[in-house]
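# Analysis of the macromolecular model
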Amino acid sequence: MIKNRGIRQILEKLNLKPNSKILDIGCFGQEGDNGSDVIAECFYGKGSIKGICTRNCIPKKYSNIKLIQGDYFKTNLNEKFDLIFLDLGGRNQLPIIENDLRDKLYNILNKDGYLVYFIFPNDNYANDHYQEELMRKEIINHMQNYWLNLYNQNMPEEYIRGICEARLSDLYDIISVDNELTRDYITWIVLKKIKTKN
């Protein structure tokens, strides 16, 4: 189990080969401050990094990262990856978790490949962001429908792990479920693909 809770510590614990194929969904994000910097530091010039983002936020020093500039929801990928890192921000993250973990993302992940993504264990994210009330409603709806959290309580790591096991353990090992230390509204989940669907 991964005890350290930063993206760098997560990546270091995954035992990925330096020449791994990486897909970074939300590559360098709207503000460029998600885990993309860490992915680039760990794999740039060694492995193959492909990013999906609606605009080019890739720093010039990482010019060899292949960018698919466009909407993730309209992008079809025909290759497989050893690591998929998903950080599309609040509004876009929710439908991907609800709809794509078992199919679209699963199908482009190599056997024994990893999927790293975050969820909202509470509705505190909306406190730090614009469109506060609309975002809060979306997060609460997602918590109730996907995570079966009917009372909008903060979801502990053990509860999240249990729901992940119930929904995903036929396809993935749940490697870790860890609350982020710096932002109480983020919990990181790491899954490892264990078999190919029949």
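Residues numbered from 1 in each chain as written. Predicted model: local features only at pLDDT ≥ 70, side-chain atom pairs only at ≥ 80, totals over all residues. Heavy atoms only, no water.

## What to know about the nonpolar core
Counting 65 residues, the largest nonpolar core has Leu105, Tyr117 and Trp147 as its most contacted members. Here this core takes 7 residues from strand E5 (residues 109-119), the largest share from any one element. Non-local contacts of leucine 105, meaning those with residues more than four positions away in its chain, are made with Ile25, Tyr72, Ile84, Leu86, Ile96, Asp100, Leu115 and Tyr172. (Core = buried A, V, L, I, M, F, W, Y, C linked by side-chain atoms within 4.5 Å. Buried < 20%, exposed > 50% of the residue type's maximum accessible area, 1.4 Å probe, protein only. Helix = DSSP H or I, 4+ residues; strand = E, 2+ residues; numbered from the N terminus. Contact = heavy atoms within 4.5 Å.)

## Some details on the pairing of strand E1 (residues 21-25)
Of all 5 residues that make up E1, 4 are buried, and the element is covered over most of its length. The pairing of E1 with strand E2 (residues 48-53) spans 5 bridges and is classified as parallel. Following the sheet pairing, aspartate 24 is matched in E2 by glycine 51. Pairing between E1 and strand E4 (residues 81-86): 4 bridges, direction parallel. Counterpart to isoleucine 22 in the pairing with E4 is leucine 83. (Pairing = 2+ DSSP bridges.)

## Some remarks on the confidence of the model for the chain
Mean pLDDT over the chain stands at 85; residues scoring 70 or higher make up 89%. Of the regions scoring below 50 in pLDDT, residues 1-5 engages in 19 contacts with residues more than four places distant in sequence or in other chains. (pLDDT = per-residue confidence, 0-100.)

## Section: the sheet that holds E4
Read from one edge of the open sheet, 7 strands run E3-E2-E1-E4-E5-E7-E6, paired in mixed fashion. The open sheet terminates on both sides in strands that have one partner only, identified here as strand E3 (66-69) and strand E6 (172-179). Recorded for the sheet is a direction-independent mean angle of 15° between the axes of neighbouring strands. Contacts from helix H2 (residues 36-43) reach E1, E2 and E4, with the element oriented near 165° to E1. With respect to the sheet, helix H6 (residues 157-168) is in contact with E5, E6 and strand E7 (187-193), its orientation differing from that of E6 by roughly 160°. (Axes fitted to C-alpha atoms, helices over the stretch in contact; angles between N-to-C directions.)

## Overview of the pattern of salt bridges
For the structure shown, the criterion picks out 8 salt bridges. Residue lysine 111 is joined to aspartate 112 by a salt bridge in which the shortest nitrogen-to-oxygen separation is 3.7 Å. Residue glutamate 180 is joined to arginine 183 by a salt bridge in which the shortest nitrogen-to-oxygen separation is 2.5 Å. Given the relative accessible area of 12%, glutamate 180 is considered buried. (Salt bridge = Lys/Arg side-chain N within 4 Å of Asp/Glu carboxyl O.)

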